[in-house]
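# Reading the structure
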Amino acid sequence: MVDVVIPPASGIRLVEGTLVVGAVDSTGGAGDPSALPSTAVLRPENQLAANAVTNFDPNDQRLQVTFQAAAAGRYPVYFIARYVSSRDCLPPAPPADAEPATTVVQRLGVVVAR
């Protein structure tokens, strides 16, 4: 199990956050998934396990994902965040279509399966 705590954000409001275990050799990157390299973790086929949350706790948000490796390897772990700029960062989050959301991908670490 992968367990992370997302700290409070300043100046932005998280619309959606997803903890992802990516395929071996998957890469970060943001943008239109169809325009990204075939290894991009934003492509659904490269997400081996994922857990998304849309109702964020304004203090700390805990995310967990369970992952069972099918083969030995190094499986990268990412946090994918969709956010909007906001002066008032208290919940509830605005609807995803309220204004264009920005997507960022942050590599958190790696799961090593032997």
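The following paragraphs examine the structure supplied in this document. Every chain begins its residue count from 1, and numbering advances along the sequence as written. Residues qualify for local features only when their pLDDT is at least 70, as the model is predicted, and side-chain atom pairs are given and counted only at 80 or more; totals for whole chains, interfaces and linings, by contrast, use all residues. Each side-chain value is worked out from all heavy atoms of the structure, with water and hydrogens disregarded.

### Description of the sheet that holds strand E5 (residues 73–85)
Pairing is antiparallel in the open sheet, where four strands are placed in the order E3-E2-E5-E6. In this open sheet, the two strands that pair with only one neighbour each are strand E3 (47–53) and strand E6 (102–113). Along the sheet, successive strands turn relative to each other by an average axial angle of 20 degrees, direction set aside. Note: strand E2 (residues 12–22) against E5, nine bridges, orientation antiparallel. Across the sheet, Val20 pairs through a bridge with Tyr78, a residue of E5. DSSP bridges decide pairing: two strands pair if at least two such bridges lie between them. Helical segments are the DSSP runs of H or I of at least four residues, strand segments are the runs of E of at least two, and each set is numbered from the N terminus. Axes here refer to lines fitted to C-alpha atoms; in helices the fit is confined to the stretch in contact. Angles between the N-to-C directions go from 0 to 180 degrees.

### Topic: the nonpolar core
Residue types Ala, Val, Leu, Ile, Met, Phe, Trp, Tyr and Cys, when buried and joined through side-chain atoms within 4.5 Å, form a set referred to as a nonpolar core. Three exposure classes are used, based on accessible area relative to the maximum for each residue type with a 1.4 Å probe and protein chains only: buried under 20%, partly exposed in between, and exposed over 50%. Formed by 18 residues in total, the largest nonpolar core has its most connected members in Val2, Leu19, Val21 and Leu63. Breaking this core down by element, the ones donating at least two residues are strand E1 (2–6), E2, E3, strand E4 (61–65) and E5. By residue number, the principal contributor to this core is E5, which donates five residues. Between two residues, a contact is recorded if the distance between any of their heavy atoms is within 4.5 Å. Filtering out sequence-adjacent residues up to four positions away, Val2 remains in contact with Leu19, Val21, Leu63, Gln64, Val65, Val77 and Val111. Counting residues in each nonpolar core, the second largest holds seven residues, with Val20, Leu36, Ala40 and Ile80 among its members.

### Remarks on the environment of Leu42
Its place among the elements puts Leu42 in the loop between E2 and E3. Sequence separation between Leu42 and Val20 is 22 residues; the distance between their C-alpha atoms is 9.4 Å.

### Let's talk about the pairing of E5
With 10 of its 13 residues buried, E5 lies for the most part within the structure. As paired strands, E5 and E6 are joined by 11 bridges and run antiparallel to one another. Counted as the bridge partner of Val77 is Gly109 from E6.

By themselves, these observations are geometric and do not establish any function.
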